[in-house]
Amino acid sequence: AQKVTQAQTEISVVEKEDVTLDCVYETRDTTYYLFWYKQPPSGELVFLIRRNSFDEQNEISGRYSWNFQKSTSSFNFTITASQVVDSAVYFCALNSGAGSYQLTFGKGTKLSVIP
Amino acid sequence: DAGITQSPRYKITETGRQVTLMCHQTWSHSYMFWYRQDLGHGLRLIYYSAAADITDKGEVPDGYVVSRSKTENFPLTLESATRSQTSVYFCASSVLGLGEQFFGPGTRLTVL
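Since the structure is predicted, the reported quantities are computational estimates derived from the model, not experimental observations.

(A) Region of the structure containing the overall build of chain A. Assigned secondary structure in chain A consists of 0 helices and 12 strands. Listing each helix as α and each strand as β along chain A from the N terminus yields β-β-β-β-β-β-β-β-β-β-β-β. Its C-alpha atoms give chain A principal-axis dimensions of roughly 45 × 30 × 20 Å. Sequence separation of at least 24 residues holds for 56% of the intrachain contacts in chain A that already meet a minimum separation of 6. Carbon and sulfur atoms make up 48% of the accessible area of chain A, which totals about 5,600 Å².

(B) Representation of the sheet that holds strand β7 (residues 64-66) of chain B in the model. All names here are of chain B. One open sheet accounts for 4 strands, arranged β1-β3-β8-β7; its pairing is antiparallel. Sheet topology places β1 (4-7) and β7 at the edges, where each strand pairs with a single neighbour. Pairwise comparison of adjacent strand axes, ignoring direction, gives a mean angle of 20° for this sheet. The pairing of strand β3 (residues 19-25) with strand β8 (residues 76-78) spans 3 bridges and is antiparallel. What sits directly across from T20, in β8, is T77.

(C) Quick look at the pairing of strand β9 (residues 87-94) of chain B. All names here are of chain B. By the criterion of burial, β9 is predominantly enclosed, with 8 of the 8 residues buried. The alternating pattern of β9 places S87, Y89, C91 and S93 and V88, F90, A92 and S94 on opposite faces, both of which are buried. Across 7 bridges, the pairing between strand β4 (residues 31-38) and β9 is antiparallel. Bridging across to β9, M32 finds its partner in S93. Where β9 meets strand β11 (residues 107-111), 3 bridges bridge the pair, whose relative direction is antiparallel. Paired with S87 across the bridge in β11 is L109. By the bridge criterion, 2 bridges tie β9 to strand β10 (residues 102-103) in an arrangement that is antiparallel. From the neighbouring strand, S93 faces β10, where its bridge partner is F102.

(D) Main features of the interface of chain A and chain B. Contact with chain A, which involves 19 residues of that partner, is made by 21 residues of chain B. Of the roughly 1,700 Å² buried between chain A and chain B, counting both surfaces, carbon and sulfur atoms make up 62%. If you look at where chain A meets chain B, you find 1 salt bridge. The closest approach of N and O atoms between A:R50 and B:E100, which form a salt bridge, is 3.8 Å. Seen at the junction of chain A and chain B, the total is 6 residue pairs in polar contact (both at pLDDT 80 or more). Sorting the residues of the side of chain A that touches chain B by element identifies β5 (33-39), β6 (46-52) and β10 (88-95) of chain A as the ones contributing at least two each. Among the elements that line the side of chain A that touches chain B, the one with the most residues is β5(A), at 4 residues.

(E) View of the nonpolar core. All names here are of chain A. By size, the foremost hydrophobic cluster in this structure holds 23 residues, and its most contacted members are W36, F75, F77, Y90 and L111. If you list the elements that add at least two residues to this core, you get β2 (10-14), β3 (19-21), β5, β8 (64-69), β9 (74-79), β10 and β12 (109-114). Element by element, the count of residues in this core is highest for β10, at 4 residues. Filtering out sequence-adjacent residues up to four positions away, Y90 remains in contact with Q6, L21, W36, Y37, K38, L48, Y64, F77, I79, G108, T109 and L111.

(F) Seen up close, the packing of aromatic side chains. Residue and element names in this part refer to chain A. Taken as a whole and judged by the stated rule, the model has 24 aromatic pairs over all chains. Aromatic pair F77 and Y90: ring centres 5.5 Å apart, planes at 65°, arrangement edge-to-face. A residue pair is termed long-range when its members are at least 10 positions apart, and F77 in strand β9 and Y90 in strand β10 qualify at 13 residues. On the basis of relative accessibility, which here comes to 0%, the residue F77 falls in the buried class. Overall, the relative accessible area of 0% leaves Y90 in the buried class.

(G) Seen up close, unusual backbone geometry. Omega for the bond connecting B:S7 with B:P8 falls within 30 degrees of zero, at -10°, which places this linkage in the cis form. The phi torsion at A:S73 lies on the positive side, around 50°, for a residue other than glycine. Tracing the backbone shows A:S73 in the loop between β8 and β9. With relative accessibility at 24%, the residue A:S73 sits in the partly exposed group. A positive phi is found at B:D53, a non-glycine position, where the angle reads about 70°. Overall, B:D53 belongs to the exposed group, its relative accessible area being 64%.

About the criteria used
Residues numbered from 1 in each chain as written. Chains lettered and ligands numbered in written order. Predicted model: local features only at pLDDT ≥ 70, side-chain atom pairs only at ≥ 80, totals over all residues. Heavy atoms only, no water. Helix = DSSP H or I, 4+ residues; strand = E, 2+ residues; numbered from the N terminus. Contact = heavy atoms within 4.5 Å. Areas by Shrake-Rupley, 256 points an atom, 1.4 Å probe, with all protein chains shown as cover. Pairing = 2+ DSSP bridges. Axes fitted to C-alpha atoms, helices over the stretch in contact; angles between N-to-C directions. Buried < 20%, exposed > 50% of the residue type's maximum accessible area, 1.4 Å probe, protein only. Buried area = accessible area lost by both parts, 1.4 Å probe. Salt bridge = Lys/Arg side-chain N within 4 Å of Asp/Glu carboxyl O. Polar contact = N/O pair within 3.5 Å; in protein donor to acceptor, adjacent residues only side chain to side chain. Core = buried A, V, L, I, M, F, W, Y, C linked by side-chain atoms within 4.5 Å. Phe/Tyr/Trp six-rings, centres within 6.5 Å; stacked < 30°, edge-to-face > 60°.

Right, dumping it as structure tokens:
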């Protein structure tokens with residue numbers, strides 16, 4: 001069975017602070033993919049990143065960075081110098097292709113960036 | 001416009017009525033998915049399709065029917081709506097089964 005845990009339900013930070021969103025996953029498959037999605041207040045789901053289980057290199061994209069550690073089954077997401085526009089619910093997800101190719105989502109972390 | 005669209009964006013219906021939610025994508029992606037999003041449950045897969053005329057159940061398929069006669073369309077039908085089907089429904093598509101899924105804007109359905 002697959003499972004994704006986002007232990008932080010809500011986080012509030014002041015603008016320009018750095019913030020890390022935690023994601024821990026469980027799967028018995030050796031090949032799998034991890035994802036992060038952003039859901040702003042408008043409601044759409046925006047794809048941010050996809051990583052495969054064989055690539056543990058950290059990824060940086062502008063103010064966003066991701067840290068993938070297989071040893072701890074974690075795929076954490078850091079926003080540097082947060083901005084008000086970063087306020088959203090962020091979802092971590094896992095897909096191992098088991099059966100339906102469904103994305104198994106965590107419950108999400110609501111990030112509020114206060115000006 | 002290119003992308004993935006859903007219609008209607010908002011729908012109010014009554015218990016027992018049949019409702020069809022439409023999903024259309026212009027990318028010719030092979031895979032398409034229907035999820036529902038509920039507070040406390042997150043996003044859960046209802047049905048998915050690997051190609052035209054190939055569909056299969058996801059995690060919560062009861063009460064729903066899908067079809068996919070054309071690659072670009074993947075309608076979801078609630079045969080006899082129940083109040084427990086009040087939710088936000090998202091359609092998604094992907095080139096690969098394990099690829100990133102791109103989501104439509106969602107349909108907010110209320111069943112009275």
